[in-house]
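What follows is the residue order along each chain.
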Amino acid sequence: MIADGAEDEEKWLAAGIAGLQQNAFYMHRALDSNNLRDALKYSAQMLSELRTSKLSPHKYYELYMRAFDELRKLEMFFGEETRRGCSVVELYELVQHAGNILPRLYLLCTVGSVYIKLNEAPSKDVLKDLVEMCRGIQHPLRGLFLRSYLSQVSRDKLPDIGSEYEGDADTLTDAVEFVLQNFTEMNKLWVRMQHQGSAREKEKREKERNELRDLVGKNLHVLSQLDGVDLDMYRDIVLPRILEQVVNCKDELAQYYLMDCIIQVFPDEYHLQTLETLLGACPQLQPSVDIKTVLSRLMERLSGYAASSPGVLPEFLQVEAFSKLNNSIGKVIEAQVDMPILGAVTLYSSLLKFTLHVHPDRLDYADQVLGECVKKLSSKGKIDDSKATKQIVALLSAPLEKYNDIVTALKLSNYPRVMEYLDSETNKVMATVIIQSIMKNNTHISSAEKVEALFELIKGLINDLDGSPYEEVDEDDFIEEQNSVACLIQMLHNDVPEEMFKIISTVWQHIVTGGVKRLPFTVPALVFSSLKLVRQLQSQEENPFADDTSINPKKIFQLLNQIIEALSTVSAPELALRLYLQCAEAANDADLEPVAYEFFTQAYILYEEEISDSKAQVTALHLIIGTLQRMHVFGVENRDTLTHKATGYSAKLLKKPDQCRAVYACSHLFWVDDQDNLKDGERVLICLKRALRIANAAQQMSNATRGSTGSVTLFVEILNKYLYFFEKGNPQITVAAIQSLIELITTEMQSDSTTPDPAAEALFASTLRYVQFQKQKGGAIAEKYEPVKA
């Protein structure tokens, strides 16, 4: 049926255009022969096509535009007729004899345009006559287009100040009155369209009316272009009259469009000076009007006006713009009891942006807006509307974007209160926004109180707010969130050790409750931040007046022990072991032997009790050996105990190659360059010989199980260790031992039972080249290497 209706409409339009063109043809012929009576006759018949009621507004507009083009030609003809001696007054009377009222009024407006141009009568009188006569058409669609035509032909003939049609002192008032009257009548016709036809077609009518809205709005544009309409006239006459029509029409579409139109077409300065009047109309609008968008655009315009020049800011203070907007929003929300929470939050978000732009130094204003928002949210509980939560995020993001400083936002007491109404997911989004702002602006947060407030804001990333299981969280998103928290922890700093220790303690109190999945991300960041403080204390001169309350490395290490211990309870033993070793190294630098020993003890316990995977054991053991080698704080007894343990662990690794590599790595524990008391050549040799035995055993096992011996890589690696200690001056490493090892490797590589290994061969060749290079160096090192045959 819709398709049939559209086809019928096309036929009616085609018929209308055909009738119009036919009469236009005869009209042109009459114009060419200067036959006035036939020209009027055929023009009236042509305009009669506009009397149709069968066309939609869109199709009617097509017909109207064709008639409009013909009327422009007719108007030119009337002008020529008056120059040939025809009286425009008689012409004005003559066109009123047309049989139908609609063609008669179109012709009357056309002649009226010529009448005004000739200045034979005051413009205001002709316009008043025309606007009154147009009341004769009360059909909404026809009346709208007729008055639109009147507006178009008269817009350049209004008796404005400075216009050629300006008359006595009151002519400007008459011009304004004409436009306002035409606007009022057009709006009434436009609103009346909504009440025509059946209720089932309401949506279709709304769509059609929306297409016609610019016809009505053009009147307001004409008013805004009048040079004579100054602020006083706008405040006393224009705005009250427009608002009276807006409020009284009681139509949702008209009220929304016209309020938006007022905001868009009139100058920002006028809006600021008439703010009370404009805002006073808002609570009187229909509850269904999208007032949030209207007020948001108004505040946007005013914000732009404030930014245009610093000189206008006193005007905002003078008219108390913030107070008026705040009160108006409260009244609108109160009047529209069914306003969804989205509308209220959008209004407060716009008001906050306005406040931040116009009064950036007034934090109390910003906090007041947030407080009003909290009052509204308190009646709703947690917000589950996605659009509303997005607006809350926009509201909370505004201070961050404006001040580029979370510290300023933390001064707003109602800021965290607003965040409480976000659901868990959106709370995390907002927390991420806050952290990103800190990162982007490199914000300096340097007190425990501010850190406490900050971590309260981002608690959505630190704790499970609603007990939601981890399975529901996307793994990649979770990792990204926790990495951002870790980065944030690293940014917290204060040069005063006591205050920095408070910051670390505050952060720990928050992250300790984070759960098994979060601690592996947050604990390392806090540990390294604490170690940084330890090194800071070491670099400072010792304070002779320090008391027990002063911060010292021991206190920090005690806290570190607790922090890392929490990791071992959340199934992250490998990470905990690494951190224990880092702390041991820091304690070593601070000359705190008992502390360093304790951290090593904890690392060993984790190795023995928690790390069972063979690959993890190898990695952990090499870390232990590497860290222990660098320790200088231990006495003989403690070092021997730890070294003995490490060598013992090496021999117990599952795979022979892993055993071999761990054992020869232990050789470094007995020879440290910068410590003369740690140069035990004999024990170095024992380690290397033991490694050789294990490498040999690995070869034999490979031969027994695979029928061929494995790679000689282990032997080459051991050879490199021999060369290292040989260069370092270990007397136990002799040329004979090195020579013997080179020959062993050469023999093994030439053996048919050895599996070819290009990597091992390349490593061996590289080692031999190194020996040759050392020989060619000259000096003591060359003498040392001379006996070695490579």
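Above this text sits the structure in question.
What you see is a predicted model; the values in this text were computed from it and never measured.

Draft legend 1. Structural detail: the state of the cysteines. The full count for this structure, using the stated rule, is zero disulfides. Residue C134 stays outside any disulfide, its sulfur separated by 4.2 Å from that of C109, the closest cysteine. Looking at C134, the relative accessible area reads 1%, which means it is buried. Of the cysteine sulfurs around C261, a residue in no disulfide, the closest is that of C249, at 13 Å. Residue C261 is classed as buried on the basis of its relative accessible area, which comes to 9%.

Draft legend 2. Examining the nonpolar core more closely. Ranked by internal contacts, the top residues of the largest apolar core, which has 279 residues, are Y415, I434 and F455. The contact partners of I434, leaving out residues within four places of it in the chain, are L400, I406, Y415, M419, L454, L457 and I458.

Draft legend 3. Local environment of unusual backbone geometry. In the Ramachandran plot, K250 falls in the positive-phi region, its phi being about 50 degrees despite a non-glycine side chain. Position of K250 relative to the elements: it lies in the loop between α10 (231-249) and α11 (252-265). Phi at E320 is positive, roughly 55 degrees, even though this residue is not glycine. Checked against the element boundaries, E320 lands in the loop between α15 (313-318) and α16 (321-335).

Draft legend 4. Representation of helix α36 (residues 735-750) in the model. Over its 16 residues, α36 extends 23 Å from the first C-alpha to the last, a length consistent with the 22 Å expected when each residue adds 1.5 Å. Restricting attention to buried positions, one finds in α36 the residues I738, Q739, L741, I742, I745 and E748. Those residues of α36 that are buried lie in contact with α34 (681-706), α35 (713-727) and α37 (758-777).

Draft legend 5. Just the packing of aromatic side chains, in detail. Inspection of the entire model under this criterion finds 27 aromatic pairs. An angle of 35 degrees between the planes, with centres 6.1 Å apart, marks the rings of Y64 and F68 as tilted. Of this pair, Y64 and F68 both sit in helix α3 (residues 57-83), four residues apart, roughly one helical turn. Note on Y64: relative accessible area 2%, which makes it buried. An angle of 40 degrees between the planes, with centres 6.1 Å apart, marks the rings of Y580 and F599 as tilted. Residue Y580 is located in helix α29 (residues 573-589), and its partner F599 is located in helix α30 (residues 593-609); the two are separated by 19 residues in the primary sequence. Grouping residues by exposure puts Y580 and F599 together as buried. The rings of Y60, Y61, Y64, F68, Y106, F145 and Y149 are connected pair by pair, giving a single aromatic cluster. Positioned above the aromatic ring of W190 is the side chain of R209, whose terminal nitrogen or guanidinium carbon lies 4.7 Å from the ring centre. Sitting over the face of the ring of Y365, R362 holds its NZ or CZ atom 4.1 Å from the ring centroid.

Draft legend 6. Molecular detail of the packing of helix α31 (residues 614-629) against helix α33 (residues 656-666). Relative to each other, α31 and α33 sit at 5 degrees, their axes nearing to 10 Å. Our classification of the angle between α31 and α33 gives roughly parallel. Residue-level inspection shows V618, L621, H622 and I625 of α31 in contact with α33, the latter providing D658, R661, A662, A665 and C666. Across the contact of α31 with α33, the residue classes tally to six nonpolar, one polar and two charged.

Draft legend 7. Representation of the side chain of S148 within the structure. Counting through the fold element by element, S148 comes out in helix α7 (residues 140-154). In contact with S148, other than residues within four places in its own chain, are Y64, M186 and L215.

Draft legend 8. Structural context of the packing of helix α5 (residues 101-117) against helix α6 (residues 123-133). Interaxial distance between α5 and α6 falls to 10 Å at its minimum, and their mutual angle equals 175 degrees. It follows from the interaxial angle that α5 and α6 lie roughly antiparallel. Contacts between α5 and α6 pair L105, L108, C109, G112, Y115 and I116 from the former with S123, V126, L127, L130 and M133 from the latter. For the contact of α5 with α6, the per-class residue count stands at nine nonpolar, two polar and no charged.

Draft legend 9. Layout of helix α25 (residues 475-491). Its 17 residues place the ends of α25 25 Å apart at the C-alpha level, agreeing with the 24 Å of an ideal helix rising 1.5 Å per residue. When we look at burial in α25, the residues that qualify are F478, E481, Q482, S484, V485, A486, L488, I489 and M491. Packed against the buried residues of α25 are α22 (424-441), α23 (448-457), α24 (459-462), α26 (497-511) and α27 (519-539).

Draft legend 10. View of the environment of K380. When you line up the elements, K380 lands in the loop between α18 (363-378) and α19 (386-403). The sequence separation of K380 and D268 amounts to 112 residues, and the corresponding C-alpha distance is 36 Å.

Draft legend 11. Layout of the pattern of salt bridges. Under the counting rule described, the total for this entry stands at 27 salt bridges. Between E132 and R135 there is a salt bridge whose closest N-O contact spans 3.0 Å. On the accessibility criterion, R135 (35% relative accessible area) is partly exposed. As a salt-bridge pair, R235 and D232 come within 2.5 Å of each other at their nearest N and O atoms. With R235 and D232 both in helix α10, this residue pair falls three residues apart, about one helical turn. By relative accessible area, R235 is classed as partly exposed at 32%. For D232, a relative accessible area of 41% puts it in the partly exposed group.

The rules behind each value
- Residues numbered from 1 in each chain as written.
- Predicted model: local features only at pLDDT ≥ 70, side-chain atom pairs only at ≥ 80, totals over all residues.
- Heavy atoms only, no water.
- Disulfide = S-S within 2.5 Å.
- Buried < 20%, exposed > 50% of the residue type's maximum accessible area, 1.4 Å probe, protein only.
- Core = buried A, V, L, I, M, F, W, Y, C linked by side-chain atoms within 4.5 Å.
- Contact = heavy atoms within 4.5 Å.
- Helix = DSSP H or I, 4+ residues; strand = E, 2+ residues; numbered from the N terminus.
- Expected span 1.5 Å × (residues − 1).
- Phe/Tyr/Trp six-rings, centres within 6.5 Å; stacked < 30°, edge-to-face > 60°.
- Lys NZ or Arg CZ within 6 Å of the ring centre and 35° of its normal.
- Axes fitted to C-alpha atoms, helices over the stretch in contact; angles between N-to-C directions.
- Parallel < 35°, antiparallel > 145°, perpendicular 65-115°, else oblique.
- Nonpolar A, V, L, I, M, F, W, Y, C, P; charged D, E, K, R; others polar.
- Salt bridge = Lys/Arg side-chain N within 4 Å of Asp/Glu carboxyl O.

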